[in-house]
Amino acid sequence: MSNSLVKIRDVHFSWDGRRDIYSGVDLDIPEGKVTAIMGPSGTGKTTMLRLIGGQLKPTQGSVEVAGQEIPKLNRKALYLARRRMGMLFQSGALLTDLSTFENIAFPIREHYDFSETMIRDIVLMKLELVGLRGARDLMPSELSGGMKRRVALARAIVLDPVLMMYDEPFTGLDPVTLGTIVTLIKELNNALGLTSVIVSHDIGETFSIADHVCILSEGKIVAAGSPEELKNSDSAFVQQFVNGHPDGPMPFHYPADDYAEDLLKGHKS
Amino acid sequence: MSGLINFLQRLGAFIIDGMAGLGRSVTFLISVLMGFKDVLLRPRLLIREIYSVGVLSLLIIFFSAIFVGMVVSLLGYTILVDFGGEESLGLLVALTLVRELAPVLGALLFSGRAGSAVTAEIGLMKATEQLASMEMMAVDPIRRIVAPRFFAGLISLPILTIIFMAVGVYSGYLVGSEWKGVDAGSFWSQIQNKVEFRHDIINGIIKSIVFAFVVTWIAVYQGYHAMPTSEGVSKATTNSVVYSALAILGLDFVLTAMMFAS
Ligand SMILES: Nc1ncnc2c1ncn2[C@@H]1O[C@H](COP(=O)(O)OP(=O)(O)OP(=O)(O)O)[C@@H](O)[C@H]1O
Ligand SMILES: [Mg+2]
């Protein structure tokens, strides 16, 4: 296997200081490949991307990106490191007071002193990639959910990052757009030599483009390997997840008291 | 006994929470102040915020000042005329406005008009992950979003207060002289003789600078630390106005005691 761009070792994290959502995660993201992080809803996939981006600090353990220990960086170094990362947010997170065009131009204007013509060229190129060149003057409130996601994608790649993180890039897209986005992610990865991390539930699409898949559940990486290896895995958990069976070892419920007991409680008093 | 322990525990938790909140808001303030250089380097951002925070507050400040000036003048006249002292009307109007009403009412109006808007805007940007996405684009939201709004408020309120003073005194003059027939010459000459530039006007402006600092600090802090939900943003906006009002009135007493009591 090639070098790892991101090395996560024994990471613990807790939102409230009580419930640990990770109990020692080890994760490697190989350079130049597409890695998928999958897992049941609420296991902390989005949180993992935020740890990599330095927006959250682990309570314990190390998060290393391109040889830099992210939680230990000072503000300036962290912001420098982030210039080489792109993140597609689950919600898109476009700046609502700027037009589509200006949203994509925003990171360029903030970091470089390019001429207007140059900015225009770059922005239109990125918009063309996601098929929204014609929507450049629309405000985010005038875009549909799927269109927002595509604009956000164009914005995330505008600074030509080394590491791209996609949080649920496939949800809410029509089949044609979905196909385009899947191809786009793959092509960006191959043509620009990016390293990509995809967080998704979509087994079909994800397995079709990922080189490496990690399944995160109950605070641990429970399985990792190529899509082929996972499909042929004999672990009951992996089989359940990949085939989407309702019954099996994978937890569907948020941790809770016993169901019958909980119902009875209401009748006692 | 257990009641006492319970009480002590609650008191302890309250004090610890309060201290932690104070610490957080001071560290936040420091990081906002560190953004001063970025604001200087990009005056366009600052000017845009001065427009939305300051210029757009002009109208409410202007009309409030007219009415307040008229009321003070009218009430003052009815009292003074009993003692035959109506030529001191100018002095009374000017001193009440400059020392007290312009800084205090200006700050209260400003917090309702601009502070609440700043809180809601920053809070919503947080709730919709716009601030988080900026961070990931390597743009520090404290420097790009919060600092320009903070400094815009700091600059705008003192200027609005000076406008309040001028408009208020003039509308007081109109009521006094045009309606009640107070002699215009004595109205202005009393002001000229008795209102000291350094003592009265400067102190009024100092008050407004202190209020501007506190009101915008509260506004940006509440917005930036709002719970990222619609309820959280609405609570933060309410808090912003309520805390600002309490801080303004409390500080006003302290400042007045320091400046004018002796
Ligand atoms: N801001 C927050 N404050 C407190 N707890 C949070 C916060 N965000 C997430 N959590 C908790 O952290 C856990 C992981 O959340 P996360 O958003 O990372 O899940 P996810 O794997 O991305 O889920 P999904 O697939 O549904 O997007 C959840 O149990 C959630 O309750
Ligand atoms: Mg998520």
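It should be noted that the structure appears before, not after, this text.
Cut-offs applied
Residues numbered from 1 in each chain as written. Chains lettered and ligands numbered in written order. Predicted model: local features only at pLDDT ≥ 70, side-chain atom pairs only at ≥ 80, totals over all residues. Heavy atoms only, no water. Donors = N, O, S within 2.8 Å, 3.2 Å for Na, K, Ca; no water. Helix = DSSP H or I, 4+ residues; strand = E, 2+ residues; numbered from the N terminus. Buried < 20%, exposed > 50% of the residue type's maximum accessible area, 1.4 Å probe, protein only. Core = buried A, V, L, I, M, F, W, Y, C linked by side-chain atoms within 4.5 Å. Contact = heavy atoms within 4.5 Å. Buried area = accessible area lost by both parts, 1.4 Å probe. Salt bridge = Lys/Arg side-chain N within 4 Å of Asp/Glu carboxyl O. Polar contact = N/O pair within 3.5 Å; in protein donor to acceptor, adjacent residues only side chain to side chain. Nonpolar A, V, L, I, M, F, W, Y, C, P; charged D, E, K, R; others polar.

On to the coordination of the magnesium ion (ligand 2), then. Put simply, the ideal angle at a metal is 109.5 degrees for four donors in tetrahedral geometry and 90 or 180 degrees for six donors in octahedral geometry. All names here are of chain A. On the protein side, the magnesium ion (ligand 2) has T46 (OG1) and Q90 (OE1) as donor atoms, found 1.9 to 2.6 Å from it. Taken together, the positions of T46 in helix α1 (residues 45-52) and Q90 in the loop between β6 (85-88) and α3 (100-111) put the pair 44 residues apart, joining distant regions of the chain. A residue is classified by how much of its surface remains accessible, and T46, at 27% relative accessible area, is partly exposed.

This brings us to the nonpolar core. Judged by nonpolar contacts, the single largest core of 64 residues is most densely connected at F28, I122 and M134 of chain B. Counting residues per element, this core draws most heavily on helix α5 (residues 89-127) of chain B, at 15 residues. Here M134 of chain B is in contact with L95 and F106 of chain A together with M125, V139, P141, R144 and I145 of chain B, once residues within four sequence places are set aside. Among the nonpolar cores identified, the runner-up in size contains 50 residues, and A36, L88, F170 and L178 of chain A belong to it.

Before going further, it helps to examine the interface of chain A and chain B. With 23 residues of chain A in contact, the opposing surface of chain B contributes 17 residues. For the chain A and chain B pair, buried surface summed over both sides reaches about 1800 Å², with 53% attributable to carbon and sulfur atoms. Counting across the chain A and chain B interface gives four salt bridges. Taking the shortest distance from any N to any O, the salt bridge between E110 of chain A and R42 of chain B comes out at 2.9 Å. Where chain A touches chain B, the interface holds 13 residue pairs in polar contact (both at pLDDT 80 or more). Those elements that place two or more of their residues in the side of chain A that touches chain B are α2 (75-82), β6 and α3 of chain A. Counting residues per element, the side of chain A that touches chain B draws most heavily on α3 of chain A, at four residues. Per-class residue counts for the side of chain A that touches chain B are 11 nonpolar, five polar and seven charged.

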